[in-house]
Structures are given as structure tokens and as C-alpha cells.
Amino acid sequence: MDYGQFSKRFSTISAINIVPFLEGTKAINWQGLDENVNFLIENGMEIIVANGNTGEFYALTVEEAKQVAKRVTDVVSGRAMVVAGVGYSVDTAIEMGKSASEAGAECVMIHQPIHPYVTEDGAVEYFRNIIEALDIPSIIYFKDAHLSDNVIKQLAPLEKFVGVKYAINDIPRVTQVIRDIPKEDNVAFICGTAEKWAPFFYHSGAVGFTSGLVNVFPEKALALLHSLQEGNQEKAWEVWEDVVPFEDLRAKHNNGNNVVVIKEAMEQLGLTAGVTREPVNPLSKEDKLALQELLKTWQNVHEVR
């Protein structure tokens, strides 16, 4: 595989699909998942990230996460690149990555290790062991501001390490680490904090951004991407200003609203999203009303029911 060419494929939107759960049982609504993935593909998404945080990865069992990765890959059926989220212990992440690879996923995203005690060298070994154990390439999810960017620098020479979903909103910091990684290492930097931060990351050297908004209004996310790629600053900031209130609502309660705002918006627009699983609660009445008012301003795209 030409890993340099592979890393260039991240110069787009990494669409994080949601996982709909049935009200009452909170079981996975597989038909709803199919609908969600098809919606993303039909609206121009070239990368689908199964088992992302907006897909409530940590609310899934390991077996469910494997099933979601396989189902998403089956539905995509070669129409886009599938990146499968993996995590937990090293052995569990490798097990999940191998399962995703067998299902046809082209890449994995290794979640930041969730552990109360993480050292820099320990994080390097965590990511390295998973990357080297899998046949398909890996990107890493880097969001712990307490970890040094030396973690990324030490991993950069690994051939199968093709990208970083960078989710620390420190522009001088991300700019510096992007500049410090040799171009020949072929590490794509992806803004991991969606549309609100995408223009800032893009001008720092990031090549694409993640999006949950695509589950609701893919047109807006694509408009931002294209305006950034074309260097149309006026249009980019116009779109940015339009979507920031939505992203601010998602960021409320220390980002606790991240998933539920997406799901509530989808439901208000007649799409299948279902409920969230614990520890995410339904949207508060106040936030629900704020979302409803915001969606009314976007009626030219979808009819709010």
C-alpha cells in the first residue's frame, strides 16, 4: 500500500455516524443505522467513521462495536472509506481492529486511552502496539491536553500511522506540531473538533475536519470544506458564523450535549436518531427550544416538523 497516498484521502470531512437506539430498550436500531449511513453517502461523504464518540462508542459493548463496524462497512459497500473506532485495552483494541479489517474497513481510529494514569511513554507504546499489530492503517484520536505532542512525533515515522484526529483547541500548539512533523512521514492532521474550529486548524495545516453536523445538514459542512479548499475566506467565515450557534449548543455542559443535540435535531427533521444511552440524558427543555429555533432558521434545507 502507498501510505502517502492513503493519508491524502483525509483531505475531506470525516463524517461521524450516529448509532440510533430504540426508546425503552435502548437496543440498537439497525435499520435506523442503515438509513443514517446511506444518508451520509448520498450527501457526498467520502469518509465514514464508525464507532466515533458521536456514535456513542463508550456506550457500546465490545461486541456491539464490532457489529456496528461490520454493519457500517456492509452498508457503505465500497462507496466511501470506512474508519472504525477501536479502544479500551491494547488487546481489546487489536481484537476490534482485526474484526473491523476482516469486515472490510480500510482504517482504524484508535481512541485516546481512557485510564486514570497515563504517561507519555505509556501512551506512545499503547498506540504503537495497536498500530503495528494491525494490517490496515491507523489514525489516532489525540485529545488529552496534558499529554505532550511528543507522543505524535515519536509515532510519526511508523509507516501505518497515517493521521491524527487532533482535538485540542490550542491553535499555536497544533500549528507547531504540524510544522514539526516531517512531510515524508505522511501524517494527515484532521481537526477533531468539527466546524467551529475547522477554519483555524485548516490555516494551521490541517487537511480536513470531523463532523457530526453532517448527520443533520451535510450541505453546510460541505460548503465550509469547499470554501476552505478554494481559499474563499468570505464564504468560509459566512458558513462558520451560521453553524457556530449549533456547535455552541453541542458544547454546553462540558460537551455533554455533543450527541444529544445531533439526535434531537435529526428527530425534529424527521430523520431516525432515537435516544441516547447513559450517561447522556435527553436534551433539557431550554436547550430543546433553542435548537428548535435554530433549526427554523435553516428551513430552506429541510422542513422542520
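Owing to the predicted nature of the structure, the values given are computational and were not obtained by experimental measurement. (Residues numbered from 1 in each chain as written. Predicted model: local features only at pLDDT ≥ 70, side-chain atom pairs only at ≥ 80, totals over all residues. Heavy atoms only, no water.)

A. Structural detail: the overall build of the protein chain. Looking only at helices and strands, one finds twelve helices and eight strands in the protein chain. The C-alpha radius of gyration computed for the protein chain amounts to 18 Å, which stays within 12% of the reference 19 Å derived for 305 residues, consistent with globular compactness. With 305 residues in all, the protein chain has 55% of them scored as buried. Considering only residue pairs separated by 6 or more positions, the protein chain has 73% of its internal contacts joining residues 24 or more positions apart. Summed over all atoms, the accessible surface of the protein chain reaches about 13200 Å², with 48% contributed by carbon and sulfur. (Helix = DSSP H or I, 4+ residues; strand = E, 2+ residues; numbered from the N terminus. Rg over C-alpha atoms; globule rule 2.2 N^0.38 Å. Buried < 20%, exposed > 50% of the residue type's maximum accessible area, 1.4 Å probe, protein only. Contact = heavy atoms within 4.5 Å. Areas by Shrake-Rupley, 256 points an atom, 1.4 Å probe, with all protein chains shown as cover.)

B. Examining helix α2 (residues 30–42) more closely. Its 13 residues place the ends of α2 18 Å apart at the C-alpha level, agreeing with the 18 Å of an ideal helix rising 1.5 Å per residue. Those residues of α2 lying buried are Gly32, Leu33, Asp34, Asn36, Val37, Phe39, Leu40 and Ile41. If you follow the buried residues of α2, they end up packed against β1 (13–16), β2 (47–50), α3 (62–76), α9 (218–230) and α11 (258–268). Two or three places before Gln31, at the start of α2, stands the capping residue Asn29, its side-chain oxygen 3.3 Å from that residue's backbone nitrogen. Note on α2: the residue one or two positions beyond its end, Gly44, has a positive phi of about 90°. (Expected span 1.5 Å × (residues − 1). Polar contact = N/O pair within 3.5 Å; in protein donor to acceptor, adjacent residues only side chain to side chain.)

C. Representation of the sheet that holds β1 in the model. Spatially, eight strands are ordered β1-β2-β3-β4-β5-β6-β7-β8 in a closed barrel, and the strand pairing comes out parallel. Direction aside, the axes of adjacent strands within the sheet are offset by 25° on average. Here four bridges tie strand β6 (residues 161–166) to strand β7 (residues 188–191), and the two strands are oriented parallel to one another. Residue Lys165 lies in a different strand from β7, and its bridge partner there is Ile190. Helix α7 (residues 171–180) contacts β5 (138–142), β6 and β7 of the sheet and is inclined by roughly 170° relative to β6. (Pairing = 2+ DSSP bridges. Axes fitted to C-alpha atoms, helices over the stretch in contact; angles between N-to-C directions.)

D. A look at the pattern of salt bridges. Enumeration according to the criterion identifies 17 salt bridges in this entry. For the salt bridge of Lys153 with Asp180, the shortest nitrogen-to-oxygen distance reads 3.1 Å. Of this pair, Lys153 sits in helix α6 (residues 150–155) while Asp180 sits in helix α7, and the two are 27 residues apart along the sequence. (Salt bridge = Lys/Arg side-chain N within 4 Å of Asp/Glu carboxyl O.)

E. Layout of the packing of aromatic side chains. Counted under the stated rule, the structure contains 14 aromatic pairs. Both rings, one in Phe57 and one in Tyr58, keep their centres 4.9 Å apart while their planes meet at 75°; by these two values the pair is edge-to-face. On the accessibility criterion, Phe57 (0% relative accessible area) is buried. A relative accessible area of 36% means that Tyr58 is categorised as partly exposed. (Phe/Tyr/Trp six-rings, centres within 6.5 Å; stacked < 30°, edge-to-face > 60°.)

F. Layout of the layout of surface pockets. Taken as a whole, the largest pocket encloses approximately 930 Å³ of empty space. Taken together, 36 residues form the lining of the largest pocket, with Asn53, Tyr141, Lys143, Asn255 and Asn258 sitting closest to its centre. Of all elements in the fold, only α8 (194–204), β8 (208–211), α10 (233–255) and α11 reach the threshold of two or more residues within the lining of the largest pocket. Tallying contributions element by element places α10 first for the lining of the largest pocket, with six residues. Partitioned by chemical class, the residues of the lining of the largest pocket number 13 nonpolar, 14 polar and nine charged. (1 Å grid on protein atoms, 1.4 Å probe; cavity = no way out; pocket = protein on both sides within 12 Å on 5 of 7 lines; lining within 4 Å. Points joined across faces, edges and corners; volume = space filled by probe spheres on them. Nonpolar A, V, L, I, M, F, W, Y, C, P; charged D, E, K, R; others polar.)

G. How the structure looks around the environment of Glu241. Along the polypeptide, Glu241 turns up in helix α10. We classify Glu241 as exposed; its relative accessible area is 60%. As a C-alpha pair, Glu241 and Lys196 span 45 residues in sequence and 8.6 Å in three-dimensional space.

H. The arrangement of the nonpolar core in detail. Judged by nonpolar contacts, the single largest core of 91 residues is most densely connected at Ile140, Ile152, Tyr166, Phe189 and Phe246. Once you skip the residues sitting within four places of it in the chain, Ile140 turns out to touch Ile110, Phe127, Ile131, Ile152, Leu155, Phe161, Gly163, Val164 and Lys165. One finds Met109, Ile139, Tyr141 and Val162 within the second-largest nonpolar core, a separate group that totals 16 residues. (Core = buried A, V, L, I, M, F, W, Y, C linked by side-chain atoms within 4.5 Å.)

I. Looking closely at the side chain of Thr54. For Thr54, the position within the fold is in the loop between β2 and α3. Residue classification places Thr54 among the buried residues on the basis of a relative accessible area of 7%. Of note is the side chain of Thr54, whose polar atom sits 3.3 Å from the side chain of Asn258.

J. Molecular detail of the confidence of the model for the protein chain. Taken as a whole, the protein chain shows an average pLDDT of 96; of its residues, 98% reach a score of 70 or greater. For residues 301–305, every residue scores under 50 in pLDDT, and the model assigns this stretch 16 contacts once sequence neighbours within four places are set aside. (pLDDT = per-residue confidence, 0-100.)

K. Inspection of the packing of α10 against α11 at higher detail. Contact pair α10 / α11: the axes reach a minimum separation of 7 Å and the direction vectors enclose 140°. Classified by the angle between their axes, α10 and α11 sit oblique to one another. For the pair formed by α10 and α11, the contact residues are Phe246, Leu249, Arg250 and Asn255 on the first element and Asn258, Val261, Ile262 and Ala265 on the second. (Parallel < 35°, antiparallel > 145°, perpendicular 65-115°, else oblique.)

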